[in-house]
Amino acid sequence: MALDPETLEQLLETVQRFVAERLMPLEDRVAEEDAVPLDVVEEMRNLGLFGLSVPEAYGGLGLSMAEEAQVAFLLGGTSPAFRSIIGTNNGIGSQGIVMDGTEEQKRYWLPRLASGEIVSAFCLTEPEAGSDAGSLHTSARREGDDYIIRGTKRFITNGPHAELFTVFARTDPQSKDGRGVSAFLVEADRPGISRGRRDRKMGQQGTHTCDVIFDDVPVPAANIIGGEAKLGHGFKTAMKVLDRGRLHISAVCVGVAERLIAIPAIGVVIVVMIIYFFLGMVLDSAGMMALTVPIFFPIVTALGVDPLWFGILVVRAMEVAMITPPIGITVYVMSGIAPDIPLQKIFKGIVPFVIADIFHIALLMLFPAIVLFLPNL
Ligand SMILES: Cc1cc2nc3c(=O)[nH]c(=O)nc-3n(C[C@H](O)[C@H](O)[C@H](O)COP(=O)(O)OP(=O)(O)OC[C@H]3O[C@@H](n4cnc5c(N)ncnc54)[C@H](O)[C@@H]3O)c2cc1C
């Protein structure tokens, strides 16, 4: 259920102030130490940021998708590490339970996730199953009241810290695609679970991913999201969760782009004006999409519209976030004032979002075109 306009306004103001006054000054420290300070995490808990998308009945703020997108947009104005801390509890780590969980699962897990008492992670990707997630190999074989999970999950955000994993595993060994996959809620202290070394990424220091290895981990059948009635339904759950996550990330990316555009350019004024005019148009259209499409999200989903829609949205927003830094860098190099601007840092921060989702060939073609074209202006 949506917040009343006044409360939403207050929340947005608070988040904006928190980003500008508390988080932005910490960016370099977070990048250097590869960690978000614990007192900041505690402040995030107190602000309710871990439970933005969790319904009020289960201890969260119960924001609608459109409202959550507005908060994500503001969080895009600072290092992605901060958003990552709260990202999984609001998105891929909780929404499976919100959307398809049993009442008992919701009551048990959602209040802990909303308060930030525990951190959750989403285990879908595998060494041999990335974009084509339906081909995953992790198996869950029935033994009495349990399923025994075996397999390795890769690039798991918050994997090193999570207390709860949503694990996608094949319960029908005959199946070859998403139809034989179920989603399990797996507590991190179950025997047989281990975590690989933290992945070293080019950007987004302070956000952590790693392999999570399940070596014959016993999990009660009751831990299937939605209970045994949802056996074999896991891939659908994953796709619904990711559709929502794409909207969230889109809004973050537009926030990143807006931050970059706000950096004042000195010199080459006409070039800057032309570029800003161009970017403004792109940003506006992506911003409009990121902030308005979510309003229609429940209707669109109810009508069973192809989730490709959301894929298109995320590409569009990422495009904006990705094209802005190279253009900015080119402008600054031309005007000879490259030092001390955070463009490189912000650019590195956005790259993992793109890798994590969709490769956009046209976008890559755009880079050299921009770089070659601009110096001739
Ligand atoms: C920072 C970060 C955080 C992540 N967090 C999580 C997480 O929390 N949980 C999780 O489960 N996963 C996570 N991932 C993994 C992410 O979902 C995968 O990286 C993504 O699904 C792509 O899979 P892949 O890396 O195996 O690439 P691949 O699937 O190997 O794709 C490589 C490239 O080939 C392209 N490609 C693939 N198939 C085709 C095709 N048929 N036709 C044309 N092009 C194709 C892709 O678009 C891509 O550009 C994360 C990744 C990153 C980078």
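Definitions and limits used
- Residues numbered from 1 in each chain as written.
- Predicted model: local features only at pLDDT ≥ 70, side-chain atom pairs only at ≥ 80, totals over all residues.
- Helix = DSSP H or I, 4+ residues; strand = E, 2+ residues; numbered from the N terminus.
- Contact = placed C-beta atoms within 7 Å.
- Core = buried A, V, L, I, M, F, W, Y, C linked by C-beta atoms within 7 Å.
- Buried ≥ 20, exposed ≤ 12 C-beta atoms within 10 Å, placed from the backbone.
- Expected span 1.5 Å × (residues − 1).
- Bend = angle between axes of the 7 residues up to and from the residue.
- Pairing = 2+ DSSP bridges.
- Axes fitted to C-alpha atoms, helices over the stretch in contact; angles between N-to-C directions.
- Parallel < 35°, antiparallel > 145°, perpendicular 65-115°, else oblique.
- Left-handed = near helix turned anticlockwise from the far one by under 90°.
- pLDDT = per-residue confidence, 0-100.

Asker: So what's going on with the overall build of the protein chain? Residues and values would help.
Answerer: When helices and strands are tallied, the protein chain shows twelve helices and seven strands. In the protein chain, the share of contacts with a sequence separation of at least 24, taken over all contacts with a separation of at least 6, comes to 78%.

Asker: Just give me the short version of the nonpolar core, but keep the residues and values in it.
Answerer: Ranked by internal contacts, the top residues of the largest apolar core, which has 76 residues, are Cys 123, Ile 149, Val 167, Phe 168 and Phe 184. With 13 residues, helix α8 (residues 234–261) is the largest single contributor of residues to this core. Beyond its immediate stretch of four places on either side in the chain, Phe 168 contacts Cys 123, Leu 124, Leu 136, Thr 138, Val 181, Ala 183, Gly 234 and Ala 238.

Asker: How would you explain the environment of Leu 124 if you had to name every residue and give the values?
Answerer: Residue position: Leu 124 is located in the loop between β1 (120–123) and β2 (139–143). Taking the C-alpha atoms as reference points, Leu 124 and Thr 138, 14 residues apart in sequence, are found 9.2 Å from one another. With residues near it in sequence (within four places) discarded, Leu 124 still touches Ala 133, Phe 168 and Ala 238.

Asker: Can you break down helix α7 (residues 103–115) residue by residue, with the values?
Answerer: The end-to-end C-alpha separation of α7 is 18 Å, in line with the 18 Å expected for 13 residues at 1.5 Å each. In the structure, α7 departs most strongly from a straight axis at Trp 109, where the bend amounts to approximately 35 degrees and where the proline Pro 111 lies between one and four residues downstream. All of the buried residues along α7 are Gln 105, Trp 109, Leu 110, Arg 112, Leu 113 and Ala 114. The elements touched by buried residues of α7 are α5 (80–90), α6 (95–100), β1, β4 (164–170) and β5 (181–187). Among the residues trailing α7, Gly 116 stands out with phi positive, at a value near 80 degrees.

Asker: Talk me through unusual backbone geometry; I want residue IDs and the actual numbers.
Answerer: Phi angles above zero are rare outside glycine, and Asp 34 is one such case at about 55 degrees. Relative to the helices and strands, Asp 34 resides in the loop between α2 (27–33) and α3 (38–47). Taking the C-beta count within 10 Å as the criterion, Asp 34 has 15 such neighbours and is therefore assigned partly exposed. Residue Asn 158 is not a glycine yet carries a positive backbone phi of 65 degrees. Locating Asn 158 in the fold gives a position in the loop between β3 (146–157) and β4. Asn 158 gets classed as buried once you count the C-beta atoms within 10 Å, which come to 24.

Asker: Got a sec to walk through the pairing of β4? Specific residues and values, please.
Answerer: Among the seven residues of β4, seven are classified as buried, and the element is accordingly described as predominantly covered. The alternating pattern of β4 places Leu 164, Thr 166, Phe 168 and Arg 170 on one face and Phe 165, Val 167 and Ala 169 on the opposite face, and all of these are buried. Of the strand pairs in this sheet, β1 and β4 are connected by four bridges, and their pairing is parallel. Among the inter-strand pairings, Ser 120 is bridged to a residue of β4, identified as Leu 164. In the sheet, β4 pairs with β5 via seven bridges, with the strands oriented antiparallel. Residue pairing for β5: Arg 170 is matched across the bridge by Val 181.

Asker: Describe the environment of Ser 139, with residues and values.
Answerer: On the secondary structure map, Ser 139 appears in strand β2. Once the C-alpha coordinates of Ser 139 and Ile 149 are considered, the two residues, ten residues apart in sequence, prove to be 5.6 Å apart. If sequence neighbours within four positions are ignored, Ser 139 has contacts with Arg 150, Gly 151, Ala 169, Arg 170 and Pro 173.

Asker: Tell me about the packing of helix α1 (residues 5–23) against helix α4 (residues 65–75), and please be specific about residues and values.
Answerer: Each packed pair of helices is defined by two parameters, the angle between the axes and the distance between the axes. Between α1 and α4, the least distance of the axes is 9 Å, while the angle of their chain directions is 15 degrees. Accordingly, the angle class assigned to the pair α1 and α4 is roughly parallel. You can see that α1 and α4 cross each other, and the crossing is right-handed. The residues of α4 that touch α1, namely those facing Leu 8, Leu 12, Val 15, Gln 16 and Val 19, are Glu 67, Gln 70, Val 71, Leu 74 and Leu 75.

Asker: Describe the confidence of the model for the protein chain, with residues and values.
Answerer: Here the protein chain averages 82 in pLDDT, while 69% of its residues score no lower than 70. Every residue in residues 266–270 scores below 50 in pLDDT, and together they form seven contacts with partners more than four places removed in sequence or on other chains.

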